[in-house]
Protein chains: 2
Amino acid sequence: MATKTYPETTPEVDALVAEVIARVADRWTMEVLEALTQGGTMRFTRIGEAIPGVSQKMLTQTLRQMERDGLVIRTVHPVIPPHVDYELTPLGFELSEAFCGVWMWAEKNCKVVAKARARFDGRAR
Amino acid sequence: MATKTYPETTPEVDALVAEVIARVADRWTMEVLEALTQGGTMRFTRIGEAIPGVSQKMLTQTLRQMERDGLVIRTVHPVIPPHVDYELTPLGFELSEAFCGVWMWAEKNCKVVAKARARFDGRAR
DNA sequence: CTGCATCCGAAATGATACTG
DNA sequence: CAGTATCATTTCGGATGCAG
């Protein structure tokens, strides 16, 4: 954006980028990224506890997609009861760092946004 | 994330941050951000042309939300046919810069992700 | 404990038609 | 040109039950 300067992007690559962005910008994906970044290697249930509001189904689904995309490593310890660890790959960690800026923006400006909304909604009437 | 160190965050603020992140990390929001960052002040139709696959409905909706959140300014010129300009606010521009890292990550790694998927899908069978 | 399968209602989105 | 309104469809997401 401000400093991005890519001379040549084919339509196919653009589409792929858009698709990856759409996937990665998913709400739960971002929260999992955050949880694993802060918590290191974590078990399934602990990740769920770290993310308020996520259902087991969405968590499973999100972790699977992230595994498929090469963002996390899933390690199954063949014991009873099951023990499954998740951790970020280097690729996932890079993404997490990339999102860092967005996170800080949100934490810094969430109240500014709240005020903008209040003003907008006030004008609307 | 990697460098984030916020000592105190109340649950209410966390929820607000999560909400703002979820809103702002929307696929179309990011694409509009990208378009306006690169194109400066743009008209409705031109933004739509710059974003492959967006429907008129989603574009309208996204721009309204962004206006409400204080990310863009919408200027209506009262002429016939209508002429409406959109441009980023300073807040919107800041967000755009924050997203820069994610865009670069995606452009740099979209093929890596594609390969990871292929490998995963191969193992699946 | 982890997580898959299924069902079902709710919400998001796309297509289309219409308007100032 | 820049929307709004409506309808059809898809997708999302939660709840539940079951399995290894």
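See the structure shown above.
Heads up: these notes are all about the structure in this document. (Residues numbered from 1 in each chain as written. Chains lettered and ligands numbered in written order. Predicted model: local features only at pLDDT ≥ 70, side-chain atom pairs only at ≥ 80, totals over all residues. Heavy atoms only, no water.)

## Description of the overall build of chain A
- Scanning chain A from N- to C-terminus turns up 5 helices and 3 strands.
- If you list the helices and strands of chain A from N to C, you get α-α-β-α-α-β-β-α.
- Here the C-alpha atoms of chain A give a radius of gyration of 18 Å, more than 25% beyond the 14 Å that 2.2 N^0.38 yields for 125 residues.
- A principal-axis box enclosing the C-alpha atoms of chain A has dimensions of 60 × 40 × 20 Å.
- Out of the 125 residues in chain A, the part that is buried amounts to 44%.
- A separation threshold of at least 6 residues defines the contact pool for chain A, and within that pool the share at least 24 residues apart is 48%.
- Here chain A has roughly 6800 Å² of accessible surface; of this, 56% comes from carbon and sulfur atoms.
- Counting 16 positive and 16 negative side-chain charges, chain A places the centres of these two groups 11 Å from one another. (Helix = DSSP H or I, 4+ residues; strand = E, 2+ residues; numbered from the N terminus. Rg over C-alpha atoms; globule rule 2.2 N^0.38 Å. Buried < 20%, exposed > 50% of the residue type's maximum accessible area, 1.4 Å probe, protein only. Contact = heavy atoms within 4.5 Å. Areas by Shrake-Rupley, 256 points an atom, 1.4 Å probe, with all protein chains shown as cover. Lys, Arg positive; Asp, Glu negative; His and termini not counted. Charge placed at Lys NZ, Arg CZ, Asp CG, Glu CD.)

## Some remarks on the protein's contact with DNA strand C
- Within the structure, DNA strand C sits among 17 residues, and Phe 44, Thr 45, Gln 56 and Arg 64 of chain A together with Lys 57 of chain B are positioned closest to it.
- When the atoms of DNA strand C within 4 Å of the protein are sorted by group, sugar and phosphate make up 56%.
- One of the side-chain N or O atoms of Lys 57 of chain B is found 2.5 Å from a base oxygen in DNA strand C.
- Elements that contribute at least two residues to the surface near DNA strand C include exactly helix 3 (44-50), helix 4 (56-68) and strand 3 (83-88) of chain A together with helix 4 (56-68) of chain B.
- Residue contributions to the surface near DNA strand C peak at 4 residues, all from helix 4 of chain A.
- When its residues are assigned to classes, the surface near DNA strand C shows 7 nonpolar, 5 polar and 5 charged. (Near = heavy atom within 4 Å. Polar contact = N/O pair within 3.5 Å; in protein donor to acceptor, adjacent residues only side chain to side chain. Nonpolar A, V, L, I, M, F, W, Y, C, P; charged D, E, K, R; others polar.)

## Re the interface of chain A and chain B
- Listed by partner, the interface residues are 55 residues for chain A and 55 residues for chain B.
- Note on chain A versus chain B: buried area summed over both sides is about 5300 Å², and carbon and sulfur give 71% of it.
- Across the chain A-chain B interface, the total number found is 8 salt bridges.
- A salt bridge links Arg 68 of chain A to Asp 121 of chain B; the shortest N-O distance between them is 2.4 Å.
- For the side of chain A that touches chain B, the secondary-structure elements that each account for two or more residues are helix 1 (11-24), helix 2 (27-39), helix 4 and helix 5 (90-124) of chain A.
- Of all the elements, helix 5 of chain A adds the most residues to the side of chain A that touches chain B, at 26 residues.
- Counted by class, the side of chain A that touches chain B contains 31 nonpolar, 8 polar and 16 charged residues. (Buried area = accessible area lost by both parts, 1.4 Å probe. Salt bridge = Lys/Arg side-chain N within 4 Å of Asp/Glu carboxyl O.)

## Brief notes about the pairing of strand 3 of chain A
All names here are of chain A.
- Judged from the 2 bridges that link them, strand 1 (residues 42-43) and strand 3 form a sheet pairing that is antiparallel. Looking at the pairing, Met 42 lines up with Tyr 86 of strand 3.
- Pairing analysis gives 6 bridges linking strand 2 (residues 72-77) to strand 3, with the strands arranged antiparallel. Among the inter-strand pairings, Val 76 is bridged to a residue of strand 3, identified as Val 84.
- Turn length for the strand 2-strand 3 hairpin, with the two strands adjacent in sequence and antiparallel, is 5 residues. (Pairing = 2+ DSSP bridges.)

## A short note on the protein's contact with DNA strand D
- In the region of DNA strand D, 17 residues are neighbours, and Lys 57 and Pro 82 of chain A together with Thr 45, Gln 56 and Tyr 86 of chain B sit closest.
- Of all atoms in DNA strand D that approach within 4 Å of the protein, 55% are sugar or phosphate atoms.
- Separating a sugar or linking oxygen of DNA strand D from a side-chain N or O atom of Arg 43 of chain B is a distance of 2.8 Å.
- Between a phosphate oxygen of DNA strand D and a main-chain N or O atom of Val 84 of chain B, the distance comes to 3.4 Å.
- Top element by residues in the surface near DNA strand D is helix 4 of chain B. It accounts for 4 residues.
- Of the residues belonging to the surface near DNA strand D, the class tally is 7 nonpolar, 5 polar and 5 charged.

## Quick notes on the sheet that holds strand 1 of chain A
Residues and elements named next belong to chain A.
- Read from one edge to the other, the open sheet built from 3 strands follows the order 1-3-2, with strand pairing classed as antiparallel. Since the sheet does not close on itself, it has two edges, and those belong to strand 1 and strand 2, each with one partner.
- Set on the sheet, helix 2 makes contact with strand 1, strand 2 and strand 3; between it and strand 3 the angle comes to about 95°.
- Here helix 4 sits on the sheet in contact with strand 2 and strand 3, set at roughly 115° to strand 2. (Axes fitted to C-alpha atoms, helices over the stretch in contact; angles between N-to-C directions.)

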